[in-house]
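Topology and contacts: notes
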Amino acid sequence: MRPDGDNDADTAAIGWLLRLRDGAAADWEAFTVWLESAPDNNAAYERVALADQDVDLGSDRRATPTAANDDDPQRLTRWWLLAGLGVAAAAAITIIIAAPGPGVRPAPYEVVTAPGEKRVVTLNDGSAITVSGGTQLVLDRAAGRRAELRRGEALFKVRHDPASPFVVIVGTDKIVDLGTVFTVAHESGNLRVAVTEGSVRYNPEAENLLLIAGDSINRAQGGPIIRSSGDADALAEWRRGRLDFADASLRNVAARLSRNLGTPVSVDADIAGQSFSGTIVLGKPAPTLARVADLAGVAVRHDGNGWRFYTRDLGAN
Amino acid sequence: MSDENTQQLFLALRPALIRFLAARGLGADEAQDAVQDLFLKLDGMRLDAIADPRAYLYRAADNLVLDRRRSGFRRLNRETRWGGLAAPIGPGIDPQPSIETLLIDRERLTAVADALAGLPERTAEIFRRFRLLGEPQREIAQTLGISLSAVEKHLQRAYAAVVDARRRLDVDFGSPRGHSSGGESDAA
């Protein structure tokens with residue numbers, strides 16, 4: 001099938017491809033010398049480099065702007081499935097200089113959602129961020145590969161680029177994508193990261209935790225990292241109009257309901273720490289909250305400022 | 001070029017880039033043009049935030065050649081199918097891929113997927129980490145508890161399979177220069 005001489009040239013060319021992946025300028029200089037050393041070397045390298053690009057064919061890496069309400073960024077991560085399912089062909093052209101690098105004039109802008117609102121932001125590189133209600137997210141047109149989550153919750157479907165990983169900043173924490181769909185939530189000093197697809201790296205310079213699909217971490221400010229596996233989808237449930245709670249405090253339940261229902265929900269101090277587990281289908285506030293109260297064994301009432309959970313005794317008064 | 005440092009860096013690296021582009025199969029004039037293209041595309045960018053700006057420029061130049069080669073193949077495949085000539089170096093990438101291009105890409109993707117599916121599990125896992133997750137080889141070696149050279153061997157094997165898949169397709173598609181996709185400078 002392959003001429004014998006090509007074998008050696010291919011092996012050498014693959015070696016160069018591997019070396020140049022994270023190559024320094026000196027590696028490229030040495031590579032130039034190798035190219036010049038035999039007339040067939042360039043052809044071998046090109047064969048290998050083009051084959052390497054074929055691996056991207058499923059991902060459609062060209063940055064085609066999508067409508068802001070396009071809620072189907074699934075295709076971006078399709079190349080994930082590559083090994084199993086050959087699907088979706090589109091030209092794969094990697095132009096590393098097409099996207100402005102970091103350090104271009106900063107042009108930050110904020111995405112702020114009202115409680116209950118849900119918005120999809122599509123970035124220039126095709127990455128999509130589904131922003132939950134009550135969220136404040138800072139993006140930068142000049143630094144398209146980073147986002148700062150000030151508060152709230154967002155689901156990131158990012159177009160992976162090993163040369164320029166997508167970074168989510170939460171306070172002093174950093175979440176670095178490695179080809180990924182993941183959710184980051186930040187409320188009352190509590191950080192949650194859950195990976196639905198692919199993997200991310202948490203605080204590469206510090207804890208350097210690799211989280212893969214299904215993993216999630218929970219961390220109170222300055223506290224230990226609580227890691228669990230297998231419930232990543234739970235965190236992204238709100239996208240599908242459902243909230244899953246596993247051993248969550250009622251304080252936490254109220255905060256999440258508040259953001260997702262778009263109405264203030266609070267909880268009496270004496271039951272705020274009570275634990276709650278269950279799945280809540282989001283609907284109109286009154287029946288949704290009634291259902292939560294029912295499951296939690298508490299009462300709920302609407303006063304002038306919003307909804308509030310009470311102990312059942314008080315609520316019955 | 002709005003940033004002075006970028007401009008200086010670029011000018012300093014220009015001869016080396018032209019030499020590199022020539023080694024990558026571009027003629028002298030084409031290499032000059034390509035460097036000019038690169039220069040225009042980088043206009044307004046500040047490279048000082050990039051870890052190794054010189055390596056970045058080399059990579060950008062390399063991608064430029066690959067893009068031209070790829071779009072050149074497309075044109076040739078679609079229009080003329082000249083057997084003996086290599087890809088022309090033209091200015092444009094097809095704005096819209098043709099149906100034929102998409103079909104060819106689909107074939108390629110299927111071929112690559114098949115090639116990867118045929119790899120031993122360990123090799124496929126290492127390739128996936130390296131190529132899809134972007135994990136450095138050193139890290140893969142640490143995670144899996146094997147040596148760096150073992151990682152490289154697995155990657156060699158995976159890439160050889162992918163290259164073979166492409167080579168077989170090129171024969172099918174009657175790609176210019178068959179399996180050898182070199183530049184015009186080596187068209188004997």
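Residues numbered from 1 in each chain as written. Chains lettered and ligands numbered in written order. Predicted model: local features only at pLDDT ≥ 70, side-chain atom pairs only at ≥ 80, totals over all residues.

1. Side note on the sheet that holds strand β13 (residues 265-267) of chain A
All names here are of chain A. Taken in spatial order, the 3 strands make up an open sheet running β13-β16-β15, and their pairing is mixed. Single-partner strands in this sheet number two, and they are β13 and β15 (298-303). Averaged over all pairs of adjacent strands, the angle between strand axes in this sheet comes to 25 degrees, irrespective of strand direction. Strands in contact with helix α5 (residues 250-261) are β13 and β16 (306-311); relative to β13, the strand with the most contacts, it is inclined by about 170 degrees. Sheet strands touched by helix α6 (residues 285-296): β13, β15 and β16. Its angle to β15, the strand with the most contacts, is close to 150 degrees. (Pairing = 2+ DSSP bridges. Helix = DSSP H or I, 4+ residues; strand = E, 2+ residues; numbered from the N terminus. Axes fitted to C-alpha atoms, helices over the stretch in contact; angles between N-to-C directions. Contact = placed C-beta atoms within 7 Å.)

2. So, the confidence of the model for chain A
Residue and element names in this part refer to chain A. Here chain A averages 74 in pLDDT, and 76% of its residues register 70 or above. Ranking the elements of chain A by mean pLDDT puts helix α4 (residues 232-235) last, at 46, and helix α2 (residues 25-37) first, at 95. This model gives residues 231-238 a pLDDT under 50, and the stretch forms 27 contacts once residues within four places in sequence are excluded. (pLDDT = per-residue confidence, 0-100.)

3. A look at the confidence of the model for chain B
Residue and element names in this part refer to chain B. Of all residues in chain B, 64% attain a pLDDT of 70 or more, and the chain-wide mean is 73. When mean pLDDT is taken per element in chain B, helix α6 (residues 137-144) scores highest with 88 and helix α4 (residues 99-117) scores lowest with 73. Under a pLDDT of 50 for its full length, residues 77-95 has, in the predicted model, 38 contacts with residues more than four places off or in other chains. Confidence estimates for the predicted assembly give a pTM of 0.47 and an ipTM of 0.78.

4. Some remarks on the packing of α2(A) against helix α3 (residues 41-54) of chain A
Residues and elements named next belong to chain A. Packing of α2 against α3 brings their axes to within 7 Å, and their N-to-C directions diverge by 120 degrees. As far as their axial angle goes, α3 and α2 are oblique. Contacts between α2 and α3 involve W34, L35 and S37 from the former and N41, N42 and Y45 from the latter. (Parallel < 35°, antiparallel > 145°, perpendicular 65-115°, else oblique.)

5. Observations regarding the nonpolar core
By size, the foremost hydrophobic cluster in this structure holds 50 residues, and its most contacted members are A:V48, B:L21, B:A61, B:V112 and B:V162. The greatest single-element share of this core, amounting to 8 residues, is contributed by helix α7 (residues 148-173) of chain B. Not counting the four nearest positions on each side in its chain, B:L21 is found in contact with B:L26, B:A31, B:A34, B:V35, B:A61 and B:V65. In this structure, A:I129, A:L137, A:V168 and A:I175 belong to the second largest nonpolar core, which totals 26 residues. (Core = buried A, V, L, I, M, F, W, Y, C linked by C-beta atoms within 7 Å. Buried ≥ 20, exposed ≤ 12 C-beta atoms within 10 Å, placed from the backbone.)

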